[in-house]
Amino acid sequence: MRRFPTPDRILMVFAAAALAGLLVNGCNGGGGGAGDATGDAARRVYVAPGEYDDYYAFLSGGHSGQVFVYGLPSGRHLNTIPVFTPESASGWGFDEDSKAMLGGFLWGDAHHPGLSETAGDYDGRWLFINDMANARIARIDLDVFKTKQIIGPLPNVSANHASTFVTENTEYVFAASRFSAPVPNTYQSIADYKNKFNGVIAAVAIAGDGTMSLDFEVLTPPFHWDKSDAGKGPSHGWVFFSCYNSEQAYTKLEVNASQNERDFIAAVDWRKGREAVAAGKYKVIEGAKVIDPAEVPGLMYLLPTPKSPHGVDVDPSGTRIIGNGKLAAVTVVHSFEKFQQAVTDKDFIGEYGGIPVVRYEATRVAEVPVGLGPLHTQFDGRGFAYTSLFLDSQVAKWSLDTYEVVDKVDVHYSIGHLTASEGDTRHPTGEWLLALNKISKDRYLPMGPTHPEGAQLIDLTRPTMELILDIPTYMEPHYGQIIKADKLIPNVKVIFPIEENHHAHRALNEEETSIVRDGKDVHVKMVAVRTHFYPDTLTIDLGETVYFHVTNVEQDRDIAHGFGILRSNVDFQIEPGETKTAKFKPEKAGIYPFYCSNFCSALHQEMQGYLAVRP
Amino acid sequence: MTGRLGPILLAAFILAGLAGCKSGSEEKAAGGSPAEIAAALNEGPRAAESMTLNPGLASWGEQLFKDKACVTCHAVGERKQGPDLAGVADRRTERWMKRQIMDPEWMLKNDPIARGLMAEYALQMANQQVKDAEANALIQYLLRETLAGR
Ligand SMILES: [Cu+2]
């Protein structure tokens, strides 16, 4: 075991810790302990069998299209929530409802989970997540931890990266084009990029029940919109988008889009956008209400920011907008108040397509020399900011008061995002920080050329940042949200109450099961219960399509059944109280056994049936 | 060696720190060991003697027996995945049935009769999240069927 302290050091540390443990008789295992950087690390992350973690961490799974749920501080992978990608064990994309939600796509690129907020703090209702590739946004309901809505592909949005980033009271989530394209998307010569291509920023409204609908879009110059963040407190009502490629290049971007010393952070007043739509100041393009910012003064401004800035992050007070330089070794702090003053003073240096460009020196209050490759910033609620440094493979901690770097810690390796406990809200808890690394190289047992990707846990409660746990993950943990478990636990349903099952084809018992023919369709209302399917034998004719509507009538915690048909693409899991529909059209006559594919009981092997298909 | 020592000491520390956190106080508050509680459930007259039939409640219970999916595992006069419930109010006390219906996990861990049934049926009864008033109605239904079957 490498990286283990020497024996005498262990003895000392653990003797001290044991003594402390005896003295305080700490039942929850929190706090206290020796101050050694790693000596009591195990204790800080240890969650005893049967105990719960303090936090849920929701990490996006990049182009696996999924969201992974971890417990912190233990770093245990608790579950996977399939979102944009079919997944056979849960049956996501296999039953008719989830298949319809996926809309035929087999992949998605899940980047930025955003928890719903009330007054700028996580409220634990929903988690939104974007699919960059196919310009979609999904909503996961956190009472059941399931994807309940997917909106998109959003018209005109081309590569939805700067998403989701929820507003202070969950009025909106946003989408924006990373790869500008013609609007509407028709053939154009690529050489006409500057004239014929456009960026698009889309505002997706969230109704009281969480339902998403596209409210309006804003047409922009063909920059590459990169990241966003919603204002809070004094800056509530605004949303900020960073961009690269203000050069408006269309080939060899790594060189051609890195010419300008400064690109932009765009500030968009979404209340003005809403008013403009109400006043009819829009054009309908591909079904979307598209606003031209030149026609709506005050809607949008550009804040110069060095250099191809990546993340844009609003601090907990909502008074500062932080741009992370990426190609500049600084993180730039803009003052929201100074930005407002510059607008009043018309302190502009030019415009792009009718969008005023504010003078850099008028809004900038600091350039913090954080290190190389600054990408993203999070907060601890105690006046410090934490910026990820991709090129340096480090996290820099700096003061929001003096703008000085006070601490750095190495991470392994090539950190992208980082996420602190409630670290993008008005009240970060300041306990934990996860470094979300792109590359793990030598950190885990070798297992061929494919390496796990990884997160690393950093304790923020000590005088200096202490990296105390490696957490391997499947696919990049692109970005994450860390929320106090107490905020979710009271609302989590551990079964689907059968009284709330209003599925049109639900069956609660054998009496309610049926086999009904409708032309060439055969609808089977079926019950699954330990250790039977009712009905468990069935005969159809070749050419008929059978719909199995299977209800798991159990209300027992964690007793899920599966429904799989041999030689088919039908398989899914049915949670207690849930009804799911499998559509199956056999290609050949013969016998098709079906069975419970999710272990349920001692007589699970017996939980099977036969479908006979007559020639 | 180095690697082994740490965990052992850690475990010792954790045990020291956690000792005494979960005493048997919960059980004591409930009035005895699990075995004693289980034995008490089975004491006294059988349900059919101790209870009076409430036909209104019994017919709600009959509906619940279907809606809560009891009927997928049980019938009166037939063995399905679960025991035949014919005459069950002559076999069991009211309190025993209520605990079996509302808290089958506890019964299957602690009650000798329920454990005997589990051995016979090779199945753990489902907890159907039955509420107190619903359990009373279900037992009334089982009582009605027992009396009718005599
Ligand atoms: Cu099963």
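Residues numbered from 1 in each chain as written. Chains lettered and ligands numbered in written order. Predicted model: local features only at pLDDT ≥ 70, side-chain atom pairs only at ≥ 80, totals over all residues. Heavy atoms only, no water.

(A) A look at the overall build of chain A. For chain A, the count of helices and strands is 9 helices and 41 strands. The C-alpha atoms of chain A give a radius of gyration of 27 Å, which matches the 25 Å a tight globule of 615 residues would have. The proportion of buried residues among the 615 residues of chain A is 59%. Taking the intrachain contacts of chain A between residues at least 6 apart in sequence as the baseline, contacts between residues at least 24 apart amount to 59%. (Helix = DSSP H or I, 4+ residues; strand = E, 2+ residues; numbered from the N terminus. Rg over C-alpha atoms; globule rule 2.2 N^0.38 Å. Buried < 20%, exposed > 50% of the residue type's maximum accessible area, 1.4 Å probe, protein only. Contact = heavy atoms within 4.5 Å.)

(B) Examining the nonpolar core more closely. Counting 28 residues, the largest nonpolar core has B:Phe65, B:Met97, B:Leu138 and B:Leu142 as its most contacted members. Counting only elements with at least two residues in this core, the list comes to α3 (34-41), α4 (47-50), α5 (55-67), α6 (88-91), α7 (94-102), α8 (104-110) and α10 (132-149) of chain B. Discounting residues that sit within four places of it in the chain, B:Leu142 has contacts with B:Phe65, B:Leu85, B:Val88, B:Ala89 and B:Met97. Formed by 27 residues, the second largest nonpolar core is a distinct cluster that contains A:Ile201, A:Trp225, A:Cys243 and A:Phe264. (Core = buried A, V, L, I, M, F, W, Y, C linked by side-chain atoms within 4.5 Å.)

(C) Spotlight on the coordination of the copper ion. Residue and element names in this part refer to chain A. At 2.2 to 2.6 Å from the copper ion lie its protein donor atoms, namely His561 (ND1), Cys596 (SG), Cys600 (SG) and Met607 (SD). Between the 4 donor atoms coordinating the copper ion, the angles at the centre fall across 90 to 127 degrees, so the site counts as tetrahedral. Binding-site remark: the copper ion is held by donors from one chain whose sequence spacing is H-x34-C-x3-C-x6-M. A residue is classified by how much of its surface remains accessible, and Cys596, at 1% relative accessible area, is buried. Judged by its relative accessible area of 7%, Cys600 falls in the buried class. (Donors = N, O, S within 2.8 Å, 3.2 Å for Na, K, Ca; no water. Tetrahedral: all angles 85-135°; square planar, octahedral: opposite > 155°, others 65-115°.)

(D) Structural context of the packing of α3(B) against α7(B). Residues and elements named next belong to chain B. Relative orientation of the contacting elements α3 and α7 amounts to 125 degrees, with a least axis distance of 7 Å. In this view, α3 runs oblique relative to α7, as classed from their interaxial angle. For the pair α3 and α7, contact is made by Ile37, Ala40 and Leu41 and by Arg95, Trp96 and Arg99, respectively. For the contact of α3 with α7, a count of residues per class yields 4 nonpolar, no polar and 2 charged. (Axes fitted to C-alpha atoms, helices over the stretch in contact; angles between N-to-C directions. Parallel < 35°, antiparallel > 145°, perpendicular 65-115°, else oblique. Nonpolar A, V, L, I, M, F, W, Y, C, P; charged D, E, K, R; others polar.)

(E) Local environment of the sheet that holds strand β31 (residues 480-484) of chain A. All names here are of chain A. Pairing within the open sheet is antiparallel, and its 4 strands lie in the order β3-β2-β1-β31. The sheet is open, and its two edges are formed by β3 (76-82) and β31, each paired on a single side. Here the strands of the sheet are splayed against their neighbours by 20 degrees on average, with no regard to which way each runs. Pairing between strand β1 (residues 55-60) and strand β2 (residues 66-72): 6 bridges, direction antiparallel. The partner of Ser60 across the bridge, within β2, is Val67. (Pairing = 2+ DSSP bridges.)

(F) View of the pattern of salt bridges. If you walk through the whole model with that rule in mind, you get 40 salt bridges over all chains. Salt-bridge contacts for B:Glu62 lead to B:Arg144; the nearest nitrogen and oxygen are separated by 2.9 Å. Note that B:Glu62 is positioned in helix α5 and B:Arg144 in helix α10, a separation of 82 residues in sequence. Across the salt bridge formed by B:Lys98 and B:Asp132, the nearest N and O atoms sit 3.1 Å from each other. Of the two residues, B:Lys98 sits in helix α7 while B:Asp132 sits in helix α10, which places them 34 residues apart along the sequence. Taking relative accessible area as the criterion, B:Asp132 reaches 42% and is therefore assigned partly exposed. A network of salt bridges, in which partner residues are shared, links A:Asp40, A:Arg44, A:Asp459, A:Arg462 and A:Glu466. (Salt bridge = Lys/Arg side-chain N within 4 Å of Asp/Glu carboxyl O.)

(G) The arrangement of the pairing of β2(A) in detail. Residue and element names in this part refer to chain A. Burial runs high along β2: 7 of the 7 residues are buried. Alternating residues of β2 divide into Gln66, Phe68, Tyr70 and Leu72 and Val67, Val69 and Gly71, and every residue in both groups is buried. Turn length for the β1-β2 hairpin, with the two strands adjacent in sequence and antiparallel, is 5 residues, and the turn residue Gly62 shows positive phi of about 50 degrees. Across 6 bridges, β2 lies against β3 in antiparallel orientation. Following the sheet pairing, Gln66 is matched in β3 by Pro82.

(H) Looking closely at helix α9 (residues 112-121) of chain B. Its side-chain oxygen at 3.0 Å from the backbone nitrogen of B:Ile113, B:Asp111 defines the N-terminal cap of α9(B). Positive phi shows up at B:Ala122, right after α9(B), with a value of about 50 degrees. (Polar contact = N/O pair within 3.5 Å; in protein donor to acceptor, adjacent residues only side chain to side chain.)

(I) Broad picture of empty space enclosed by the protein. Applying the stated criterion across every chain, the model contains 4 cavities of 30 Å³ or more. As a volume, the largest cavity reaches approximately 580 Å³. As for the largest cavity, its lining consists of 35 residues, and the residues nearest its centre are B:His74, B:Pro83, B:Leu85, B:Gln100 and B:Met125. For the lining of the largest cavity, the class distribution of residues is 23 nonpolar, 7 polar and 5 charged. Approximately 120 Å³ is the volume found for the second largest cavity. Lining the second largest cavity are 15 residues, with A:Glu117, A:Phe165, A:Val166, A:Asp229 and A:Asp424 sitting closest to its centre. Counting only elements with at least two residues in the lining of the second largest cavity, the list comes to β4 (114-118) and β11 (224-230) of chain A. Among the elements that line the lining of the second largest cavity, the one with the most residues is β4(A), at 3 residues. Grouping the constituent residues of the lining of the second largest cavity by class yields 6 nonpolar, 4 polar and 5 charged. (1 Å grid on protein atoms, 1.4 Å probe; cavity = no way out; pocket = protein on both sides within 12 Å on 5 of 7 lines; lining within 4 Å. Points joined across faces, edges and corners; volume = space filled by probe spheres on them.)

(J) Structural view of the packing of aromatic side chains. Under the criterion given, the structure shown has 32 aromatic pairs over all chains. Ring centres 5.4 Å apart and planes at 45 degrees place the aromatic pair A:Phe563 and A:Phe594 in the tilted group. Here the residue A:Phe563 occupies a position in strand β37 (residues 561-565), and A:Phe594 occupies one in strand β40 (residues 590-595), the gap between them amounting to 31 residues. In this structure A:Phe594 comes out as buried when scored by relative accessible area, which is 1%. Each member of the aromatic cluster is reached from another via a ring pair, and the members are A:Tyr172, A:Phe174, A:Phe216, A:Phe223, A:Trp225, A:Phe241, A:Phe264, A:Trp270 and A:Tyr352. One residue, B:Arg92, lies across the ring of B:Trp96, its end atom 5.0 Å from the ring centre. (Phe/Tyr/Trp six-rings, centres within 6.5 Å; stacked < 30°, edge-to-face > 60°. Lys NZ or Arg CZ within 6 Å of the ring centre and 35° of its normal.)

(K) Local environment of the confidence of the model for chain B. Residue and element names in this part refer to chain B. Mean pLDDT over chain B works out to 84, with 80% of the residues at or above the 70 mark. Taken element by element, chain B is modelled with least confidence in helix α1 (residues 2-18), mean pLDDT 38, and with most confidence in α7, mean pLDDT 98. Residue range residues 1-29 is modelled with pLDDT below 50. Its contacts to residues more than four positions away, or to other chains, number 32 contacts. For this predicted complex, the interface confidence reaches an ipTM of 0.76, while the overall pTM sits at 0.88. (pLDDT = per-residue confidence, 0-100.)

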